[in-house]
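The primary structure of each chain is shown beneath.
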Amino acid sequence: MSKILPYPVLSFGLLALWLLLQQSLGLGQILLGGVIALLAGRALKALDPHRPRVRKIGSIIRLIIVVTIDVLRSNIAVALIVLRGQHTAHSGFVSMTLTLEDRIGLALLACIITATPGSAWLEYDAARGTVLIHVLDMVDEVAWADTVKNRYERLLLEIFQ
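Thoughts on the sheet that holds strand 2 (residues 119-125)
Reading across from one edge, 1-3-2 is the order of the 3 strands in this open sheet, with antiparallel pairing throughout. This sheet does not close on itself; its edge strands, each paired only once, are strand 1 (92-97) and strand 2. For this sheet, the mean inter-axis angle between neighbouring strands, taken without regard to orientation, is 20 degrees. In terms of strand pairing, strand 1 meets strand 3 (residues 130-135) through 6 bridges, oriented antiparallel. In the strand pairing of strand 3, Met 96 is matched with Val 131. Strand contacts of helix 4 (residues 103-115): strand 2 and strand 3, with the helix running at about 150 degrees to strand 2, the strand carrying the most contacts. In this fold helix 5 (residues 141-160) packs onto strand 1, strand 2 and strand 3, with an angle of close to 50 degrees to the strand it touches most, strand 1.

Considering the pattern of salt bridges
Here the structure, examined in full by the defined rule, presents 6 salt bridges. Among the ionic pairs, Asp 125 bridges to Arg 128, the shortest N-O distance being 3.0 Å. In this structure, the salt-bridge partner of Arg 154 is Glu 158, at a minimum N-O distance of 3.3 Å. You can see Arg 154 and its partner Glu 158 sitting in helix 5, 4 residues apart, about one turn around the helix. One connected set of salt bridges, linked through shared partners, spans Arg 62, Arg 154 and Glu 158.

Some words on the packing of helix 1 (residues 8-22) against helix 2 (residues 27-47)
At a closest axis distance of 8 Å, the pairing of helix 1 and helix 2 adopts a crossing angle of 140 degrees. Both helix 1 and helix 2 take part in a crossing whose hand is right-handed. Of the residues in helix 2, those in contact with Leu 10, Ser 11, Leu 14, Leu 15, Trp 18, Leu 19 and Gln 22 of helix 1 are Gln 29, Ile 30, Leu 32, Gly 33, Gly 34, Ile 36, Ala 37, Leu 38, Ala 40, Gly 41 and Leu 44. Tallied by class, residues from the contact of helix 1 with helix 2 come to 12 nonpolar, 6 polar and no charged.

Details of the nonpolar core
Leu 63, Met 96, Leu 109, Trp 121 and Tyr 152 are the most contacted members of the largest nonpolar core, which totals 26 residues. If you tally residues by element for this core, the top one is helix 5, at 8 residues. Ignoring anything within four residues of it in the chain, the contact list for Leu 63 reads Ile 112, Arg 151, Tyr 152, Leu 155, Leu 156 and Ile 159.

A few points about unusual backbone geometry
Even without being glycine, Gln 23 reaches a positive phi, approximately 55 degrees. Classification of Gln 23 by relative accessible area gives exposed; the value is 74%.

Brief notes about the packing of helix 3 (residues 57-84) against helix 5
Look at helix 3 against helix 5: their axes get within 9 Å of each other, and the N-to-C directions meet at 160 degrees. Considering their axes alone, helix 3 and helix 5 lie roughly antiparallel with respect to each other. Read as a crossing pair, helix 3 and helix 5 show a hand that is left-handed. Along the contact surface, helix 3 presents Ser 59, Ile 60, Arg 62, Leu 63, Val 66, Val 67, Asp 70 and Arg 73, while helix 5 presents Arg 151, Tyr 152, Arg 154, Leu 155, Leu 156, Glu 158 and Ile 159. Of the residues in the contact of helix 3 with helix 5, the class split is 8 nonpolar, 1 polar and 6 charged.

Concerning the side chain of Ser 59
The residue Ser 59 is located in helix 3 in this model. Using a relative accessible area of 2% as the deciding quantity, one classes Ser 59 as buried. When sequence neighbours within four positions are dropped, the list of residues in contact with Ser 59 reads Leu 155, Glu 158 and Ile 159.

About the thresholds
Residues numbered from 1 in each chain as written. Predicted model: local features only at pLDDT ≥ 70, side-chain atom pairs only at ≥ 80, totals over all residues. Heavy atoms only, no water. Pairing = 2+ DSSP bridges. Helix = DSSP H or I, 4+ residues; strand = E, 2+ residues; numbered from the N terminus. Axes fitted to C-alpha atoms, helices over the stretch in contact; angles between N-to-C directions. Contact = heavy atoms within 4.5 Å. Salt bridge = Lys/Arg side-chain N within 4 Å of Asp/Glu carboxyl O. Left-handed = near helix turned anticlockwise from the far one by under 90°. Nonpolar A, V, L, I, M, F, W, Y, C, P; charged D, E, K, R; others polar. Core = buried A, V, L, I, M, F, W, Y, C linked by side-chain atoms within 4.5 Å. Buried < 20%, exposed > 50% of the residue type's maximum accessible area, 1.4 Å probe, protein only. Parallel < 35°, antiparallel > 145°, perpendicular 65-115°, else oblique.

Below, the structure is given as structure tokens:
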């Protein structure tokens, strides 16, 4: 069964998403969505992702709360910059060295940084362990790097290492 359906939760989730997007429970849509879901599961199996070993559930909850608050706060800050017409916002780049090496942890960190308005994950150099981030309103580069390392990376290290 695992050869046909290597990731059943992913496949059923994709099928459900397909049917929701199509707004139809017709036989043709179910069959087409099922084929797409099966192929996507097999494609993921070919990539051979490792299964994450989550260490601390409490850290996951803290990370969700911290990210939610930061995204809301950043939304307000970016909205104020746009509404005030501040064309003097000093955008800049932050390059920092990360301790986190887990692929899933790095992917989550990239999603967190990019999902936070006013910042974008641009590049990761695995050989040096550095990341380049663009910040819309750069006030203090050191404080920004400290925020990423102490608020997000620290919790991700607790979760994945």
